[in-house]
Every structure is written in structure tokens, then in C-alpha cells.
Amino acid sequence: QPTKLRRNGGPVRLYSKGVFTGFKTSKRNQYENQAFVKIQGVQERTDAQHYMGKRVAYIYKAEREIQGSKFRVRWGRVMGTHGTNGLVRVKFAKNLPSRAMGCQVRVMMYPNRA
């Protein structure tokens, strides 16, 4: 499968880096079905709205090998913003484990809503 190349010959990254910061909470409850993700370079709510509907991948390494790889992926989708500092809410198909807090996620540049 050919990879896209920049003009200077380097590969093109089709995702933005993000960090899973925690779950949505209220005064007494925690909602594990909504995860907060801080996207690198996003500082305002208007910037975060660009990522609405984009797919998010949490990639982790497991002990057992499946189909020749120890890496697994949990997919999610950006469903909204949180606050005014560029945090986004993500709903994953299967909830993220709490040990993933502080770990890196990939916010893909697709699907394109334009």
C-alpha cells in the first residue's frame, strides 16, 4: 500500500495527537461512556468544532498476538465539545479502561464533513 509523501519526501500524518484526560463526571457520578480528549494545538471551542464527527483511535499493546500483531485499537467518535478550552467529548464503541488516562490517542482527519 503506497503512502502519501510530502514535497520534501517525508510521510504525511493523517491524524492529530490527543490525550485522554478522563471521563465525564457530575457531583457524585462518573460516566465512562463519554471520554474527554485534549487535542494538540486546539485552544478554543471554535477550533474543537472542526473535529466534530471525526474518528478517534486508542491504540494499545496486549500480551497475546492476534493475526500477527500485539497491537489493538478501540475506535470512537467525537460527539461534542466540553468547555471553552478546546476539550472534546468522545464516545467509544467499548469504554476505555481507566489505566488509559493520560495516554495518547489519535484523532483522525476523516470522515470529512465538507
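In what follows, the structure referred to is the one given above.
These lines cover the structure that appears in this document, whether it is placed above or below. (Residues numbered from 1 in each chain as written. Predicted model: local features only at pLDDT ≥ 70, side-chain atom pairs only at ≥ 80, totals over all residues. Heavy atoms only, no water.)

### Examining the overall build of the protein chain
Turning to step 1, where the next piece is worked out: For the protein chain, the helix and strand inventory stands at 1 helix and 6 strands.
Turning to step 2, where the next piece is worked out: Sequence-ordered secondary structure for the protein chain, helices as α and strands as β, is β-β-α-β-β-β-β.
Turning to step 3, where the next piece is worked out: By the burial criterion, 32% of the 114 residues in the protein chain qualify as buried.
Turning to step 4, where the next piece is worked out: In the protein chain, 56% of the contacts between residues at least 6 apart in sequence involve partners at least 24 apart.
Turning to step 5, where the next piece is worked out: Of the roughly 7,900 Å² of accessible surface on the protein chain, a fraction of 47% belongs to carbon and sulfur atoms.
Turning to step 6, where the next piece is worked out: Of the charged side chains in the protein chain, 24 are positive and 5 negative; the average position of the first set lies 4 Å away from that of the second. (Helix = DSSP H or I, 4+ residues; strand = E, 2+ residues; numbered from the N terminus. Buried < 20%, exposed > 50% of the residue type's maximum accessible area, 1.4 Å probe, protein only. Contact = heavy atoms within 4.5 Å. Areas by Shrake-Rupley, 256 points an atom, 1.4 Å probe, with all protein chains shown as cover. Lys, Arg positive; Asp, Glu negative; His and termini not counted. Charge placed at Lys NZ, Arg CZ, Asp CG, Glu CD.)

### Examining the nonpolar core
Turning to step 1, where the next piece is worked out: In this structure, Phe20, Val37, Ile39, Val56, Val88, Val90 and Phe92 are the most contacted members of the largest nonpolar core, which totals 18 residues.
Turning to step 2, where the next piece is worked out: Among residues more than four places away in sequence, those in contact with Val90 are Asn33, Gln34, Ala35, Val37, Val56, Gly76, Arg77, Val78 and Met79. (Core = buried A, V, L, I, M, F, W, Y, C linked by side-chain atoms within 4.5 Å.)

### As for the environment of Tyr15
Turning to step 1, where the next piece is worked out: The residue Tyr15 is located in strand 1 (residues 15-25) in this model.
Turning to step 2, where the next piece is worked out: Overall, the relative accessible area of 19% leaves Tyr15 in the buried class.
Turning to step 3, where the next piece is worked out: Excluding its chain neighbours within four sequence positions, the residues that come into contact with Tyr15 are Arg106, Val107, Met108 and Met109.

### Overview of the environment of Gln40
Turning to step 1, where the next piece is worked out: Within the fold, Gln40 resides in the loop between strand 2 (30-39) and helix 1 (45-48).
Turning to step 2, where the next piece is worked out: Overall, the relative accessible area of 54% leaves Gln40 in the exposed class.
Turning to step 3, where the next piece is worked out: Residues Gln40 and Leu87, 47 residues apart in the sequence, show an inter-C-alpha distance of 10.0 Å.
Turning to step 4, where the next piece is worked out: Setting aside anything within four residues of it in sequence, one finds Gln40 in contact with Lys17 and Gly18.

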